[in-house]
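Notes for the structure review
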Amino acid sequence: MARAILDYSKTVLKKVSFDVELFSKELEKAVKRLLPFEIEELRIWLLQFTVDRPELYPSLALIKNQN
């Protein structure tokens, strides 16, 4: 079940990546729902996902504050 939440969170984040504010809100929700090891996996995924999306870099601070 936990893996499903992580995969769902990634899917939602991909779909809302056009809007920085919405992306940040969805990222906050994901961090609240995920377990610590899943947050780390999401962080790694985000680093790859945002490589060509510099407008999303500020959102990464939301996940870095959780460590």
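Note that the coordinates shown come from a computational prediction; the quantities given were computed from them, not determined experimentally.

The rules behind the values
Positions within a chain are numbered from 1, following the residues in the order the chain's sequence is written. Only residues with pLDDT of at least 70 get local features here, since the model is predicted, and only at 80 or more are side-chain atom pairs given and counted; chain-wide, interface and lining totals rely on the full set of residues. To get the side-chain values, take all heavy atoms of the structure and skip hydrogens and water. Lining residues are those with an atom within 4 Å of a point, where the points come from a 1 Å grid over the protein atoms alone and group into cavities, where a 1.4 Å probe fits but cannot get out, or pockets, open sets with protein on both sides within 12 Å along at least five of seven lines. Grid points are joined across faces, edges and corners, and a volume is the space filled by probe spheres set on the points. Every helix listed is a DSSP run of H or I at least four residues long, and every strand listed is a run of E at least two residues long, numbered separately from the N terminus. Under the grouping applied here, Gly and all other residues not named as nonpolar or charged are polar, the nonpolar ones being Ala, Val, Leu, Ile, Met, Phe, Trp, Tyr, Cys and Pro and the charged ones Asp, Glu, Lys and Arg. Take a side-chain nitrogen of Lys or Arg and a carboxyl oxygen of Asp or Glu: if they are within 4 Å of each other, that pair is a salt bridge. Only protein chains enter the calculation, and the probe is 1.4 Å; a residue is then buried if its accessible area is under 20% of its type maximum, exposed if over 50%, and partly exposed in between. Distance and chemistry together define a polar contact, namely a pair of N or O atoms within 3.5 Å, with one atom able to donate a hydrogen and the other to accept it when in protein, and with adjacent residues in sequence counting only for side-chain atoms on both sides. The contact criterion used is simple: two residues touch if any of their non-hydrogen atoms lie within 4.5 Å.

Some details on empty space enclosed by the protein
Taken as a whole, this structure holds one cavity of 30 Å³ or more when the rule is applied. The volume enclosed by the largest cavity comes to roughly 40 Å³. Forming the walls of the largest cavity are Y8, S9, V12, L13, E26, K29, A30 and R33. Those elements that place two or more of their residues in the lining of the largest cavity are α1 (2-15) and α2 (20-33). Considering only residue class, the lining of the largest cavity consists of four nonpolar, one polar and three charged.

As for the pattern of salt bridges
Side-chain pairs of opposite charge can arise whenever the charged atoms involved come near each other. The full count for this structure, using the stated rule, is six salt bridges. The partner of R3 in a salt bridge is E41, with the nearest N and O atoms 2.5 Å apart. Taken together, the residues span a long stretch of sequence, with R3 in helix α1 and E41 in helix α3 (residues 36-49) at a distance of 38 residues. Using a relative accessible area of 44% as the deciding quantity, one classes R3 as partly exposed. Where E26 meets K29, a salt bridge forms, and the shortest distance between an N and an O atom there is 3.3 Å. Placement of the pair is E26 and K29 together in helix α2, with a separation of three residues, close to one helical turn. When its relative accessible area of 17% is taken as the criterion, E26 is described as buried. Several salt bridges share partner residues, and in doing so they unite R3, D7 and E41 into one network.

Here's the deal with the side chain of S17
The topology assignment puts S17 in the loop between α1 and α2. Engagement of the side chain of S17 in a polar contact is seen with the backbone oxygen of K14, the distance being 3.0 Å. Discounting residues that sit within four places of it in the chain, S17 has contacts with F23, F49, R53 and L56.

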